[in-house]
Amino acid sequence: MSRGRIRAWCAIAVFVLALPGTADAYIHLGFEGSGGAKAIKWNVPRVRWYANNGGVPGVSASQFQSELAQAFMTWESVPTASIAFEFGGFTSAAPFEDDDLSVFGFQSEPDMDRVLGATSFIVDVFAGTIIESDVFFNSIFPWSVAAAGDPLRFDVRSVATHEIGHFLGLGHSAIGETELRPEGGRRVLGSGAVMFPISLGRGVITDRDLQPDDIAGVSDLYPDGAFRDETGMISGRVRLNTAGVKGAHVVAFNPQTGALVGNFTVADSSFRIAGLSPGPYVIRVEPIDDADVDSFMDPQGVNVNFQATFHPRLIVAPRGGSTATFDVTVRSK
Amino acid sequence: MNLRRIICIVAFATIATARAEAQTASPPPGRLQVSVGAGWLGGAEFGEQPANLRTASGNPYRLFTSDTHLGGAGFFEARVGFALARRVAIEGRAAIAKPELQTTVSSDAEASGSFTAVEGIDQYVFDGGILIHLDELQALGLMPFAIGGLGYVRQLHDQQLVETGHLFYGGGGVMRELFSRPQGFIRSGSIRADLRLNVLSLELDEDSRSQGSVSASLVLTF
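Calculation notes
The residue numbering used here restarts from 1 in each chain and proceeds along that chain's sequence as written. Just so you know, chain letters begin at A and ligand numbers begin at 1, following the order they were written in. Totals for whole chains, interfaces and linings use all residues, but because this is a predicted model, local features are given only for residues with pLDDT of at least 70 and pairs of side-chain atoms are given and counted only at 80 or more. We count a stretch as a helix when DSSP gives it H or I for four or more residues in a row; a strand needs E for two or more, and each element gets its number in order from the N terminus. A residue pair is marked as a contact if its C-beta atoms, positioned from the backbone, fall within 7 Å. Asp, Glu, Lys and Arg are counted as charged, while Ala, Val, Leu, Ile, Met, Phe, Trp, Tyr, Cys and Pro are counted as nonpolar; the rest, among them Gly, fall into the polar class. By definition, two strands form a pair when at least two bridges between them are found by DSSP. Under this scheme, a helix contributes an axis fitted over its contacting stretch, all axes are lines through C-alpha atoms, and angles between N-to-C directions fall in the 0 to 180 degree range. In this scheme every C-beta is placed from the backbone, and a residue whose C-beta has 20 or more other C-beta atoms within 10 Å is buried, one with 12 or fewer is exposed, and one in between is partly exposed.

Engineer: What's the story with the overall build of chain B in this structure? I'm lost.
Structural biologist: For chain B, the count of helices and strands is one helix and twelve strands. Listing each helix as α and each strand as β along chain B from the N terminus yields α-β-β-β-β-β-β-β-β-β-β-β-β. Taking as baseline every contact in chain B between residues at least 6 positions apart, the subset at least 24 positions apart corresponds to 62%.

Here it is, written out as structure tokens:
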């Protein structure tokens, strides 16, 4: 390959290339290039993917492929996004081989005992385009393709839907609430996005369906023709006393529809949330305290020492434009 | 508070009409009527909307709860009508209002207390419909009428388009002639009081919203 290529990993619990500064909605995956931060995305009309021809107990190769196809269709069906996929066939190639094939398959990774699945990329670092992306499902866990889920096993399609979000270039969403388990790790109290970094657990199939945050994220990365004209953006900054706050999680809540869409402040304390239906929004700001900070971004400089705060004014997202920049002031814990 | 203002406007219109002595009559066919006035647009409830997260059990986890209300607001209107027959006219109207949206947030999982966030929006309405004079109900010099029609709604914030939609309206009112002349450019002057029910449907809002309005205007017939 004559062009510069890098391989990066993105796991369900940990990934390394989240660049909120490159995104208007959501964290998009990317890298620091010579010209600054660059989001990565596919640049082909139909993305071809392959399924590894190996299965695991409870899931045959053909069942695995069928669940993957339905998960791909979930993303392809987003009306405001313009990404499409095609199944290339079964292959004996394993995920994470540098073979120009985007392969999904099971793999045993006992060292990654908190990771259900992970996504890797080979990227053209000049163009910022994804050349290859592989996804593995950790076969040390029990898996299921049962239509209603299996309470003892993890749902293949739910995890596939999450990993395909990464496959497309999306990072993790922080719309969710968790609590620490006494034995370590976190228990999810509630999740508002398929791209929340922690699974709802065995037997749960709710992540088969995208949430408004997921839809805004993929539409921002692969906008359909009228998406930018018909949605609006909210722009602001988060302040603690007079200082800016990096890594604040900002959520826009639509009081008419109940939709929650979020993003983070970047190093200069600014944030942008795009892909919003026009109308008024409640703005809620909270620290990243429901998952490890490095699940979302480089933790350096991230401030988590402030209280969850609501902005005192409703912010109105205009159709096809952006609000003027406004400040949200938070208080120390 | 809103109700009190509505009553004041209606009372003003009634007193003003009582002082007039001219006998009210429907404008003859072919006459153009122009009016300007002001009124009060009633509020609308958007209701409660929880910020729910999905859970493993299937029961939602409530991040917080919101309750949204569109406040009442004064408005200005201008109207043009054309008498098709002695009892029937068609008319078009433009109105501008600046209602306030108020959302109260409470029961947050992390932030204590509740608070209300407020923001004003500019609402422009362009509507048109039919007016029917109810001559048989005329009394005390007041000419009752019924109105109905449809229109277009445009909401702006900081001069940027927020939302568009349509509305249906129905209602009625009374008209009282202040003066009339057999000749001249202006043939008569009247005052008019309207009471309307507006049903708004905005593009991105699944539900229709009902808003009452009351207005008084000065009408000139050409």
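Having seen the model, we can carry on.
Engineer: Honestly, the interface of chain A and chain B in this entry has me stumped. Any pointers?
Structural biologist: Reports often express the size of an interface as the amount of accessible area lost when the parts come together. Taken together, the 34 residues of chain A in the interface contact 33 residues of chain B. Counting residues per element, the ones that place at least two in the side of chain A that touches chain B are β11 (176-180), β12 (186-191), β18 (279-286) and β19 (309-310) of chain A. Of all the elements, β18 of chain A adds the most residues to the side of chain A that touches chain B, at four residues. In the side of chain A that touches chain B, the residues fall into 16 nonpolar, 14 polar and four charged.

Engineer: Sorry if this is basic, but what is going on with the sheet that holds strand β6 (residues 100-106) of chain B here?
Structural biologist: In any sheet, the strands associate via hydrogen bonds between backbone groups, in a parallel or an antiparallel arrangement. Residues and elements named next belong to chain B. Across the sheet, which stays open at both edges, the four strands sit in the order β2-β3-β6-β7 with antiparallel pairing between neighbours. Each edge of the open sheet is held by one strand with a lone partner, namely β2 (44-53) and β7 (115-120). Each strand of the sheet is rotated relative to its neighbour by a mean of 20 degrees, with strand direction disregarded.

Engineer: For this particular structure, what's the right way to read unusual backbone geometry?
Structural biologist: Most peptide bonds adopt trans geometry, and most residues besides glycine take a negative phi value. Residue and element names in this part refer to chain A. Here the phi dihedral of Asp100 falls at roughly 65 degrees; this positive angle occurs in a residue that is not glycine. Relative to the helices and strands, Asp100 is located in the loop between β5 (85-91) and β6 (103-107). Here Asp100 falls in the exposed class, since 10 other C-beta atoms lie within 10 Å of it.

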